[in-house]
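Spelled out from the first residue to the last, the chains are:
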Amino acid sequence: MIVFKAFLRVLNKCKIPVIMYTAFLIFFAGFNMQTEDSSMSFTADKPTVLIINKGENEGVTQNLIEYIEKNCDTADIKDEGDAISDALFYRDVNYIIYIPENYREDLLNGKNPEIEIKSTGDYKASYAEMLLSGYIKTANLYAGGAGSEEELIDKINQTLTKQAEIKITSGIDTDNLSRATFYYNFANYSILASCVYVICLILSSFNQEKVKNRMLISSMDYKKHNRILLLSNSLFAVLLWFLYVLLSFFMVGNIMFSVHGIIYIVNSLVFTICALTIAFLIGNLVNNKNAINGIVNVAALGSSFLCGAFVPVDLLPEGVLAAARILPSYWYIQTNEVLKTIEEFNLETLKPIFINTGMVILFSVVFVVISNVASGRKKLRNS
C-alpha cells in the first residue's frame, strides 16, 4: 500500500505529458479523417477539344460534333497562322479533331474515312482520344447495315449512351475502417510515449538514492516490489487505454460497435500491456530523468515511423518493414492493417491476427523477464 500511495503522488505530477500526447492523437487523427472525407469526392476534369469541320455540318457529322461537345469542353480558335499550334503548345486545347470534307458521304458508303488529330499527349488528350475512337468504331460497325442515316445515328447514340452497371461486391465499410485503422495506428505513438514517459519518471523517483536505500534495508523482496509497481503502472495504462478507446467511439463512429471495432479495441489493449512492460524495463535500466525525453523519441517516435503509425504501410520500403519486425509496434499495426480488409471472420481470415497478437504478447513476456533479471542484478550490485 505504501508503494501504491507513492506511485499516485508521482503520477499526479505527470498530467501534462499525458494531455499533450492525447492532444496529438486527437489533432492528427481528426485532421487525417477530414482529409480522407474530402478526398472521397470526384469531379470529372473534361479535356478541351477544338473541332475543325471541313465538311458539311449535318447528319452523322453533326452527331459526332454534338457527342464530342457533350463530353468535352470545346474551344473556338480560328484556323489562322500559328494560332492552333500555339493553343496546343500552351495547353489551351488538349485535342484537335480535323473532320475531312467528305466524312459524311464516305462513312455512309462504308469507306471507313480517317479523321486527323493533334494531341498534347497528356491524360486529358487520352480521354478525348478514347471518346473519338469509341464513336468512330461504333459508327463504322453500323454503317454497312443501317438502312438510312437516321437509323445509323439512332444506333450509334443508343450504343454510346449505354453504361456499364457497377456493383459493389464488398460488404465492408472501407471508409470508416480506414479511419479506424489510422486512429489506432497513430495511437501506437500516444500509448507508447505516454507509458514510457510517465512510468519512467515514476520508476526514476523510486530509484532515487534515499528511496533505494530504504528498500534495500526493508524486508520486501525485489520481485514483490516490482510486482506492486507493475500493477500500479497497469492501472495507469488501463485507464489511458480506456480513454483512447472512448475517444475512438466519438472520432471513428459506429464501426466501433462492430466485430471489427471489438478487435481494434482488444488489439490496442494487448499493445498497451506491451507498452507497459517496455516502459517498466526502460525505467529499471535508466535512472536519469533528463534522459527520458530522448528515450521517448527513440522508443515511441522511432518505432512509429518505422512501423507505419505515421506513414501508410503501403508507402514504406520493404527493407524498412523487414527491419521493423523486431519491434512490437510492427505486429500491432499489421493487425490494424489486416482488419480493414476482412469481410468475413473465420479461422482463415483471423489467422494473421492471431499470429500478430501472439507476437505482441511474446514481446511483453520477454520484456517482463528481462526487467526482473536486470532489477535483481542491480540490487545484488548495490547490496
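Residues numbered from 1 in each chain as written. Predicted model: local features only at pLDDT ≥ 70, side-chain atom pairs only at ≥ 80, totals over all residues. Heavy atoms only, no water.

Engineer: Teacher, can you tell me more about helix 12 (residues 292-307) here?
Structural biologist: Residues lying three or four places apart along an α-helix face the same way, a consequence of the helix completing one turn every 3.6 residues. Here helix 12 contains 16 residues, and its C-alpha end-to-end distance of 22 Å stays within 8% of the 22 Å for a straight helix at 1.5 Å per residue. Two residues or fewer after helix 12 comes Gly308, characterised by a positive phi angle close to 105 degrees. (Helix = DSSP H or I, 4+ residues; strand = E, 2+ residues; numbered from the N terminus. Expected span 1.5 Å × (residues − 1).)

Engineer: What is the right way to look at the pairing of strand 3 (residues 95-99) in this model?
Structural biologist: The side chains of a regular strand alternate, residue by residue, between the two faces of the sheet. With 5 of 5 residues buried, strand 3 is to be regarded as a mostly interior element. Side chains of strand 3 alternate between two faces, with Tyr95, Ile97 and Ile99 and Ile96 and Tyr98 buried alike. Looking at chain direction, strand 3 and strand 4 (residues 116-119) are connected through 4 bridges and run antiparallel. Opposite Tyr95, over in strand 4, you have Ser119 as the bridge partner. (Buried < 20%, exposed > 50% of the residue type's maximum accessible area, 1.4 Å probe, protein only. Pairing = 2+ DSSP bridges.)

Engineer: It is not clear to me how the packing of helix 6 (residues 123-143) against helix 7 (residues 149-161) should be interpreted in this structure. Could you clarify?
Structural biologist: For any two helices packed against each other, one specifies the inter-axial angle together with the distance between the axes. Running from N to C, helix 6 and helix 7 cross one another at 135 degrees; their axes reach a closest spacing of 9 Å. Relative to helix 7, helix 6 is oriented oblique. The interaxial crossing formed by helix 6 with helix 7 has right-handed handedness. Here Gly134, Tyr135, Thr138, Ala139, Tyr142 and Ala143 of helix 6 lie close against helix 7, whose contacting residues are Leu152, Lys155, Ile156, Thr159 and Leu160. Looking at the contact of helix 6 with helix 7 residue by residue, the class counts come to 7 nonpolar, 3 polar and 1 charged. (Axes fitted to C-alpha atoms, helices over the stretch in contact; angles between N-to-C directions. Parallel < 35°, antiparallel > 145°, perpendicular 65-115°, else oblique. Left-handed = near helix turned anticlockwise from the far one by under 90°. Contact = heavy atoms within 4.5 Å. Nonpolar A, V, L, I, M, F, W, Y, C, P; charged D, E, K, R; others polar.)

Engineer: Would you explain a nonpolar patch on the surface in this entry?
Structural biologist: Taken together, Met20, Phe24, Phe27 and Phe28 make up a surface patch of nonpolar side chains, about 370 Å² in accessible area. Within the element layout of this structure, Phe24 appears in helix 2 (residues 15-39). (Patch = residues over 30% accessible without salt bridge, like charges linked within 9 Å, V, L, I, M, F, W, Y side chains within 5 Å. Areas by Shrake-Rupley, 256 points an atom, 1.4 Å probe, with all protein chains shown as cover. Salt bridge = Lys/Arg side-chain N within 4 Å of Asp/Glu carboxyl O.)

Engineer: Is there a simple way to think about the sheet that holds strand 4 in this case?
Structural biologist: The pairing of strands in a sheet happens through backbone hydrogen bonds and is either parallel or antiparallel. One open sheet accounts for 4 strands, arranged 2-1-3-4; its pairing is mixed. Edge positions in the sheet fall to strand 2 (73-74) and strand 4, since each of these pairs with one other strand and no more. Across the sheet, helix 3 (residues 59-71) touches strand 1 (48-53), strand 2 and strand 3, and the angle it forms with strand 1 is around 165 degrees. Sheet strands touched by helix 6: strand 1, strand 3 and strand 4. Its angle to strand 3, the strand with the most contacts, is close to 30 degrees.

Engineer: I would appreciate a short explanation of the environment of Leu339 in the present structure.
Structural biologist: Within the fold, Leu339 resides in helix 14 (residues 328-339). On the accessibility criterion, Leu339 (0% relative accessible area) is buried. In the structure, Leu339 is positioned 159 residues away from Ala180 in sequence and 9.6 Å away in space, judged by C-alpha atoms. Setting aside chain neighbours within four positions, we find Leu339 in contact with Leu177, His260, Ile263, Tyr264, Phe345 and Ile353.

Engineer: What's the story with the nonpolar core in this structure? I'm lost.
Structural biologist: Among soluble globular proteins, nonpolar side chains are generally buried collectively. In this structure, Tyr183, Tyr184, Cys195, Val196, Tyr244, Met256 and Val296 are the most contacted members of the largest nonpolar core, which totals 72 residues. When residues of this core are traced back to their parent elements, those giving at least two are helix 2, helix 8 (174-206), helix 10 (222-251), helix 11 (259-285), helix 12, helix 13 (318-324), helix 14 and helix 15 (347-382). A per-element tally of this core places helix 8 first, with 20 residues. Ignoring any residue separated from it by four or fewer positions in sequence, one finds Tyr184 in contact with Val245, Ser248, Met256, Tyr264, Ile265, Ser268, Tyr332 and Asn336. Val60, Tyr95, Leu132 and Ala143 belong to the second-largest nonpolar core, a separate cluster that totals 24 residues. (Core = buried A, V, L, I, M, F, W, Y, C linked by side-chain atoms within 4.5 Å.)

Engineer: Honestly, helix 6 in this entry has me stumped. Any pointers?
Structural biologist: The end-to-end C-alpha distance of helix 6, which contains 21 residues, comes to 30 Å, matching closely the 30 Å that a straight helix rising 1.5 Å per residue would cover. Of all the positions in helix 6, only Ala125, Ala128, Leu131, Leu132, Tyr135, Ile136, Thr138, Ala139 and Ala143 are classed as buried. Relative to the axis of helix 6, the buried residues are bounded by an arc of 165 degrees and lie together on one face. Opposite the packed face of helix 6, turned more than 90 degrees from it, sit the exposed residues Tyr123, Met130, Lys137 and Leu141. Where the residues of helix 6 are buried, they touch strand 1, helix 3, strand 3, helix 5 (103-108), strand 4 and helix 7. (Arc of directions from axis to C-beta.)

Engineer: Could you clarify how one ought to interpret the confidence of the model for the chain in this entry?
Structural biologist: Low pLDDT marks stretches whose predicted atomic positions should not be read closely. Looking at the chain, pLDDT values average 81 and 82% of them are 70 or higher. The least confident element of the chain is helix 9 (residues 209-217), whose mean pLDDT is 58; the most confident is helix 14, at 94. Segment residues 37-43: pLDDT under 50, and 2 contacts once partners within four positions in sequence are set aside and those in other chains are kept. (pLDDT = per-residue confidence, 0-100.)

Engineer: Where do I start with the packing of helix 3 against helix 6 in this structure?
Structural biologist: Contact pair helix 3 / helix 6: the axes reach a minimum separation of 11 Å and the direction vectors enclose 150 degrees. Our classification of the angle between helix 3 and helix 6 gives roughly antiparallel. For the element pair helix 3 and helix 6, the recorded crossing hand is right-handed. On helix 6, the residues that touch Val60, Asn63, Leu64, Tyr67, Ile68 and Asn71 of helix 3 are Tyr127, Leu131, Leu132 and Tyr135. Of the residues contributing to the contact of helix 3 with helix 6, the split by class is 8 nonpolar, 2 polar and no charged.

Engineer: Looking at this model, I keep getting lost on the packing of aromatic side chains. Mind explaining?
Structural biologist: Counted according to the given criterion, the structure contains 15 aromatic pairs. An aromatic cluster is built from Tyr21, Phe24, Phe182, Phe186, Tyr189, Phe305 and Phe310, whose rings are joined through pairwise contacts. (Phe/Tyr/Trp six-rings, centres within 6.5 Å; stacked < 30°, edge-to-face > 60°.)

Engineer: Would you mind showing me how to read the side chain of Gln334 here?
Structural biologist: Mapping Gln334 onto the fold places it in helix 14. Residue classification places Gln334 among the buried positions, given a relative accessible area of 17%. Ignoring sequence-local partners within four residues, the contact set of Gln334 consists of Val313 and Asn356.

Engineer: Please explain the pattern of salt bridges as it appears in this structure.
Structural biologist: Two side chains bearing opposite charge may form a pair once their charged atoms approach each other closely. If you walk through the whole model with that rule in mind, you get 6 salt bridges. Ionic pairing is found between Glu151 and Lys155, a salt bridge with its closest N-O pair at 3.5 Å. Placement of the pair is Glu151 and Lys155 together in helix 7, with a separation of 4 residues, close to one helical turn. Overall, Glu151 belongs to the partly exposed group, its relative accessible area being 34%.

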